[in-house]
Amino acid sequence: MRILVTGGAGFLGSHLIDRLMAQGHEVVCLDNFYTGTKRNILKWMDNPYFELIRHDITEPIRLEVDQIYHLACPASPIHYQYNPVKTIKTNVIGTMNMLGLAKRVKARFFLASTSEVYGDPDVHPQTEDYRGNVNCIGIRSCYDEGKRVAETLSFDYHRQNGVDIRVVRIFNTYGPRMLENDGRVVSNFIVQALQNQPLTVYGDGSQTRSFCYVSDLVEGFIRLMNSDQIGPMNLGNPGEYTILELAEKIQNMINPGAEIIFKPLPEDDPKQRQPDITRAKTWLGWEPTVPLDKGLELTVKDFRDRIEGNLN
Ligand code: NAD
Ligand code: UDP
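Since the model is a prediction, treat every value here as computed from it, not as a measurement.

Asks: Quick question: what am I supposed to make of the packing of helix H1 (residues 11–22) against helix H6 (residues 214–225) here?
Replies: Two packed helices can be described by the angle between their axes and the distance between those axes. The contact between H1 and H6 brings their axes to 10 Å, and the two run at 65°. For H1 against H6, the interelement crossing comes out right-handed. Together, Phe11, Leu12, His15, Leu16, Arg19 and Leu20 of H1 and Val214, Ser215, Leu217, Val218, Glu219, Phe221 and Ile222 of H6 make up the contact between the two elements. Taken together, the residues that form the contact of H1 with H6 break down as nine nonpolar, two polar and two charged.

So, in structure tokens, the structure goes:
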């Protein structure tokens, strides 16, 4: 198949491309390099079945493809809050453009949505039928509400125009190739511990997150895309940790002498988050296989190589 991956030069997109190329597909990667880098897809550049297009999805584009994995959107709070209006445009106009493309060429359309559609949840763990608790005027809203509209658009294109959609709600995912300056918690703690700087826990560290290793997530993507289910479907690792537990784990793993310091909790920071993955288990037979310790070990190795300049 010819498969379009928007945001393909980013963290998740580039891992997905690795899998799709290994499966023998033709892949078109579309990215504006806001948070993505060519380094992530360098190994495919000379492959005749791989094509890279520098393009901003807020502008329309005409392509002929069979499937579209739509991932383009900055995912880290510091990046999506840097230009919130642009984040909304990417989620709304960009998603509309990609759905329009899917409609025109009758391609199957996969939306990378997020657990953020649940906001600061008052149901725990979160099931797909929970409608969420999102602040529509806060600093996270450009992303949360943007993704909620992206889901609405997907379902309306499905109902109104018969577009074949798949919608996945991704919970915090980590792994090699996250940006060093990404600002997300796993990358921050690893970089800080490696550089002998204090690990910055926001708030008292009692807020929880559930961390999924990237290879597990990509497996779930491909299974959902090629199933008969449209979603929405949670994908994530149900193992739930407080942020302080995560800091201590990474501290012990890399640098037991590193200090842990506390900083103010950002506005609207969700207090707890854990996916209910019954749907993914029942519909796809999917569940995560990589435990946090193993996934962190692989991630630390990647950061160590990059930071210490050992990339070959
Ligand atoms: P990322 O920032 O590494 O990747 C996003 C990619 O999209 C980058 O390559 C960036 O350059 C590109 N991009 C951004 N705006 C664009 C635009 N207007 N036009 C073209 N390209 C654009 O983030 P990621 O972690 O790989 O996330 C990928 C997708 O998964 C995002 O849609 C994100 O919302 C979603 N998601 C990720 C997580 C996670 O934990 N990693 C959790 C929930 C949802
Ligand atoms: N966090 C933290 N220290 C950091 C970065 C993040 O304590 O250096 C916290 C953040 O406040 C949040 C959690 O870790 O409670 C996860 O943050 P991240 O930005 O990774 O993802 P999200 O909040 O979008 O789930």
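From this point, the narrative continues.
Asks: Looking at this structure, how should I read helix H7 (residues 243–254)?
Replies: In an α-helix, one turn spans 3.6 residues; hence positions three or four apart end up facing the same way. Taking 1.5 Å per residue as the helical rise, H7 with its twelve residues ought to reach 16 Å, and the 16 Å between its terminal C-alpha atoms agrees with that figure. All of the buried residues along H7 are Ile243, Leu246, Ala247, Ile250, Gln251 and Ile254. Projected down its long axis, H7 shows its buried positions confined to an angular sector of 135°, all on one face. Of the surrounding elements, those touching the buried residues of H7 are helix H5 (185–194), strand E8 (199–202), strand E9 (208–210), strand E12 (240–242), strand E13 (260–263) and helix H9 (292–307).

Asks: Where do I start with the packing of aromatic side chains in this structure?
Replies: Two measures describe an aromatic ring pair: the distance that separates the ring centres and the angle between the ring planes. Throughout the structure, instances matching the rule amount to six aromatic pairs. Ring geometry for Phe110 versus Phe221: centroids 4.9 Å apart, planes at 55°, classification tilted. In this pair, Phe110 is assigned in strand E5 (residues 108–114) and Phe221 in helix H6, connecting sequence segments 111 residues apart. Exposure class is identical for Phe110 and Phe221. Each is buried. Ring plane angle 25° and centroid distance 5.9 Å describe the contact between Tyr118 and Tyr130, whose orientation is recorded as stacked.

Asks: I would appreciate a short explanation of the pairing of strand E2 (residues 26–31) in the present structure.
Replies: Counting buried positions over the six residues of E2 gives five, a clear majority of the element. With five bridges joining them, strand E1 (residues 2–6) and E2 adopt parallel strand pairing. By the bridge assignment for E2, Thr6 is matched with Leu30. In terms of handedness, the path from E1 via H1 over to E2 forms a crossover that is right-handed. Where E2 meets strand E3 (residues 50–54), five bridges bridge the pair, whose relative direction is parallel. Counted as the bridge partner of Cys29 is Leu52 from E3.

Asks: Would you mind showing me how to read the environment of Val123 here?
Replies: The topology assignment puts Val123 in the loop between E5 and helix H4 (141–161). Sequence separation between Val123 and Arg273 is 150 residues; the distance between their C-alpha atoms is 9.3 Å.

Asks: Could you clarify how one ought to interpret the pattern of salt bridges in this entry?
Replies: Working definition: two side chains of opposite charge can pair if their charged atoms are close together. A complete count under the given rule lists 24 salt bridges for this structure. Between Glu219 and Arg19 there is a salt bridge, with the nearest N and O atoms lying 2.7 Å from each other. Placement of Glu219 in helix H6 and of Arg19 in helix H1 is noted, with a sequence separation of 200 residues between them. The partner of Asp120 in a salt bridge is Lys271, and the shortest N-O contact between them spans 2.6 Å. Of this pair, Asp120 sits in the loop between E5 and H4 while Lys271 sits in the loop between E13 and helix H8 (278–284); the two residues are 151 residues apart in sequence, bridging distant segments of the chain. Put simply, Glu116, Arg140, Arg209, Asp269 and Arg273 are held in one network by salt bridges that share partners.

Asks: It is not clear to me how the site of ligand 1 should be interpreted in this structure. Could you clarify?
Replies: Looking at ligand 1, there are 29 residues lining it, with Leu12, Asp31, Thr35, Tyr143 and Lys147 nearest. Interatomic distance of 3.1 Å between a backbone N/O atom of Gly10 and an oxygen atom of ligand 1. At 2.9 Å, a backbone N or O of Phe11 approaches an oxygen atom of ligand 1. Look at ligand 1: alone it shows 820 Å² of surface, and the protein chains cover 97% of it.

Asks: Is there a simple way to explain H5 in this structure?
Replies: Counting buried positions along H5 yields nine of ten residues, so the element is predominantly enclosed. For H5, the full list of buried residues reads Val186, Ser187, Asn188, Phe189, Ile190, Val191, Gln192, Ala193 and Leu194. Contacts made by the buried residues of H5 are with strand E7 (173–174), E8, H7 and H9. Phi for Asn196, located one or two positions after H5, is positive at around 60°.

The rules behind each value
Residues numbered from 1 in each chain as written. Chains lettered and ligands numbered in written order. Predicted model: local features only at pLDDT ≥ 70, side-chain atom pairs only at ≥ 80, totals over all residues. Heavy atoms only, no water. Axes fitted to C-alpha atoms, helices over the stretch in contact; angles between N-to-C directions. Helix = DSSP H or I, 4+ residues; strand = E, 2+ residues; numbered from the N terminus. Left-handed = near helix turned anticlockwise from the far one by under 90°. Contact = heavy atoms within 4.5 Å. Nonpolar A, V, L, I, M, F, W, Y, C, P; charged D, E, K, R; others polar. Expected span 1.5 Å × (residues − 1). Buried < 20%, exposed > 50% of the residue type's maximum accessible area, 1.4 Å probe, protein only. Arc of directions from axis to C-beta. Phe/Tyr/Trp six-rings, centres within 6.5 Å; stacked < 30°, edge-to-face > 60°. Pairing = 2+ DSSP bridges. Right-handed = clockwise from strand over helix to strand, strands pointing away. Salt bridge = Lys/Arg side-chain N within 4 Å of Asp/Glu carboxyl O. Near = heavy atom within 4 Å. Polar contact = N/O pair within 3.5 Å; in protein donor to acceptor, adjacent residues only side chain to side chain. Areas by Shrake-Rupley, 256 points an atom, 1.4 Å probe, with all protein chains shown as cover.

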